[in-house]
Amino acid sequence: MNFIGTFLVLLYFGGRATATGSAVPLVLLNILEAIKYPLKVKIMSCWQEPLKLQFFNALNDRYLTSFADDHINQFEEDINDHQILLVVDLSCPNTINLLQSAGQLLYMKYRWLLLDSVLLENDQFDEDTQTRSYLDQLSELPLLVSSEIMFMIRRGPNDFVVNFVFRTGYDDPLRVEIFGTWVNGSFTDHRELVVTSVRRLNLRRYMLRASMVVTIPETLHHLTDYKDKHIDTITKVNYVLTNDLVHYMGARINYSVVSSWGYYNSTTKRWDGMIGELSHRTADLGASPLFFTSDRIAVIDYVAMTSATRSKFIFRSPKLSFTENVFLLPFDDIVWVCIAIVIILSSGLLVITAHAEWSVPLLQDDPNDPSILRPTFRDTLLMIYGATCQQGSSTLPRSCSARTITMITFTILMFLYVCYSANIVALLQSPSTKIRTLEDLLASRLKFGAHDTVFNHYYFTHATEPTRQAIYERKIRQPDGSENFVPLEQGIDRIRRGLYAFHVEQGVGYKVISETYQEDEKCGLQEIQYLQVIDPYYAIQKNSSFKEHVKIGLFRLNEHGIQYRENANFYTKKPKCTGGGGKFVPVSLVDTEPAILVIVWGAALAATMFVGEIFLAKCSRKIRDWKGAQVLTYRK
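Along each chain, the written sequence defines residue order, and numbers are assigned to residues from 1. Predicted model: local features are reported for residues with pLDDT of at least 70 only, side-chain atom pairs are reported and counted for 80 or more only, and whole-chain, interface and lining totals are derived from all residues. To get the side-chain values, all heavy atoms of the structure are used, and hydrogens and water are removed first.

Novice: Just give me the short version of the sheet that holds strand β7 (residues 175–183), but keep the residues and values in it.
Specialist: Here, strands pair whenever DSSP counts at least two bridges between them. Helical segments are the DSSP runs of H or I of at least four residues, strand segments are the runs of E of at least two, and each set is numbered from the N terminus. Here we have 8 strands laid out as an open sheet, ordered β2-β1-β3-β4-β5-β6-β7-β8, and mixed in their pairing. In this open sheet, the two strands that pair with only one neighbour each are β2 (64–67) and β8 (186–189). The mean inter-strand angle of the sheet, taken between neighbouring strand axes irrespective of direction, is 25°. Of the pairings in the sheet, the one linking strand β4 (residues 111–115) to strand β5 (residues 149–156) comprises 3 bridges and is parallel in character. Opposite Leu113, over in β5, you have Met150 as the bridge partner. Only heavy atoms enter the contact rule, under which two residues are in contact if any of them lie within 4.5 Å. Each axis is a line fitted through C-alpha atoms, and for a helix only the stretch in contact is used; angles between axes span 0 to 180 degrees, taken between their N-to-C directions. Sheet strands in contact with helix α6 (residues 127–138) are β4, β5, β6 (159–166) and β7, and its direction is about 155° off that of β5.

What follows is the structure, encoded as structure tokens:
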């Protein structure tokens, strides 16, 4: 029986192998036990069917075993790729082509175990010779730092060593890392750390390439001195964090500068900016975080959130009268109904008592005295309405009962008027809290603007959600084709003047506000999020071999407080309202608009009724003249 046949038979009886039998299957079983994690075993070989069947019978009790003859593509989409161990015999004629076609699968998803049956059955136990043979065959393959590729060499009849092989970058030489040794039936795991990404965290001064976005060239001179923190803030924060990350990984860094984060160009069918460099593999790290969008997931990998910042509409709360009719707010609806009932009830009682005055001879005065209240509902209602408005009345009742009703009504309405006036004064000085959503903001009379940045131009012009699209079409874009994208200082100054919503990055906007606003002007600041994205994330190449290294490094920076410190140093939080917001706000036309409308509509109604009265008077005169003419004609 050849070596392969002996190997498979002994693998099947591995647990019961004697000391005189071949030790190779026991070594393989111990390797699988040390790895622990794989639940499936895939064998890619040129073995004959009887040998495959024996191998299947040996492993299938403990591992889900299958065979793939040089068909690497058939399991690329397996959802459990990370649980698979691939066993490959380098002695098979097509194995090297198979490994070359695997590409990225060599350093992601799978674990590989490489066997060379020719070397293992050879009686020459030179470890260096066998190692060089493996390395020569694997020299052109991308066995990158995240790979878990093992190869086994034989140092004696019962002495085997299993090594890992990898390289840090595509152009770096292959490195060998010991996994374990098997001597006389005992397997020893030599790994100090089981997790590969932690064990190989030190990249040994490997040069990483990073791309960062800079909108103003002057930023390059102030990346770490905290000067002009409101300019390219997100890049400055992550420049410091990237340097700390690279130092933690024991690598070096080379930066390239681009002017945009990267957007898909439908004309060239390519990504530009930083995403373009990541997708074209000219950069390993994106040193400026990116917003998490669905179209970018296919070309880059998001690793961790490093900058807790968002872009929002910032505006000062308008006065309450800007969004509400303050003349209706002092009383609840039930109070208004009760006031109406008091007016009607008082008028009705006064009509009754006034009618009694005119029907009792002792209470009658001069019938032609205009100061005496007439027993009509119209006159009494007008008198009570005048009392409601604290204007008094030109007519008064004469009886004690009627005067008592009048006094009680006037007193009640006086208290109501005092409460109403006090509330009006307070409401005229109060800010509005009605604008809470984008729909409220769109429906308001506020003017809009946005910080003149690349990502603002992109997200506003590419908005598809109805409300956000309407904000751009109706508020940002002007009828003449221009757009309200303005410089930072200009937008912040317009917020100060009021009735203006400015879309800007929070930390950047609040820094300028903190430095330029008076203390009382910092009160009443509101913010509403426009972008439908979460906080920006640190991005790297798609399927990068450094993904776990970067992820671990960024998490450590966060756990140790370094990320929090840099964000606190660069980003300004929302300023606190220490001025009390007690600055007097003058009454404007907006505040008195309902009262002015009452005057206008009242004047219009009075004019209409005046014209109607004249018309009715003329019509009545003509009717009387016509009837008089008819009577004269009849008499004649």
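Picking up after the structure, the text goes on.
Novice: Outline unusual backbone geometry, listing residues and values.
Specialist: Located in the positive-phi region is Arg204, a residue other than glycine, with phi close to 55°. A positive phi angle is found at Leu499, which is not glycine, with a value near 55°. With respect to the element layout, Leu499 can be found in the loop between α17 (488–497) and β18 (500–505).

Novice: Which residues make up a nonpolar patch on the surface, and what values go with them?
Specialist: Taken together, the side chains of Val337, Ile341, Leu345, Leu349 and Ile352 make up a nonpolar region of the molecular surface, amounting to roughly 470 Å² of accessible area. Residue position: Ile341 is located in helix α11 (residues 333–359). Surface patches are defined over residues having more than 30% relative accessible area and no salt bridge, joining like charges when they lie within 9 Å and nonpolar side chains (Val, Leu, Ile, Met, Phe, Trp, Tyr) when within 5 Å. Note that accessible areas follow from Shrake-Rupley with a 1.4 Å probe, and for residues the cover is restricted to the protein chains shown. A side-chain nitrogen of Lys or Arg and a carboxyl oxygen of Asp or Glu constitute a salt bridge if their distance falls within 4 Å.

Novice: I'd like a description of the state of the cysteines, backed by residues and values.
Specialist: In protein chemistry, a disulfide is the covalent bond that joins the sulfur atoms of two cysteines. Two cysteine sulfur atoms form a disulfide, by the criterion used here, when they sit within 2.5 Å. This structure, assessed with the given rule, holds 1 disulfide. A disulfide bridge connects Cys523 with Cys577, and the sulfur atoms are separated by 1.7 Å. Where Cys523 bonds to Cys577 through sulfur, the torsion about that S-S bond is close to 85°, and the disulfide is right-handed. Linking Cys523 in the loop between α18 (506–516) and β19 (525–529) with Cys577 in the loop between α20 (562–570) and α21 (593–635), this pair joins segments that are 54 residues apart in sequence. Given the relative accessible area of 11%, Cys523 is considered buried. Per-residue accessibility, obtained with a 1.4 Å probe over protein chains only, is compared with the maximum for each type, and a residue is labelled buried under 20%, exposed over 50%, and partly exposed between these values. Residue Cys577 is classed as partly exposed on the basis of its relative accessible area of 42%.

Novice: If you had to explain the sheet that holds strand β9 (residues 207–213) to someone new, which residues and values would you point to?
Specialist: Read across the open sheet, the 5 strands follow the order β10-β9-β13-β20-β14; overall the sheet is mixed. Unpaired on one side and paired on the other, β10 (252–258) and β14 (300–305) mark the two borders of the sheet. The average angle at which neighbouring strand axes cross in this sheet is 30°, direction not considered. Pairing between β9 and β10: 7 bridges, direction parallel. Within β10, the position partnered with Leu208 by the bridge is Ile253.

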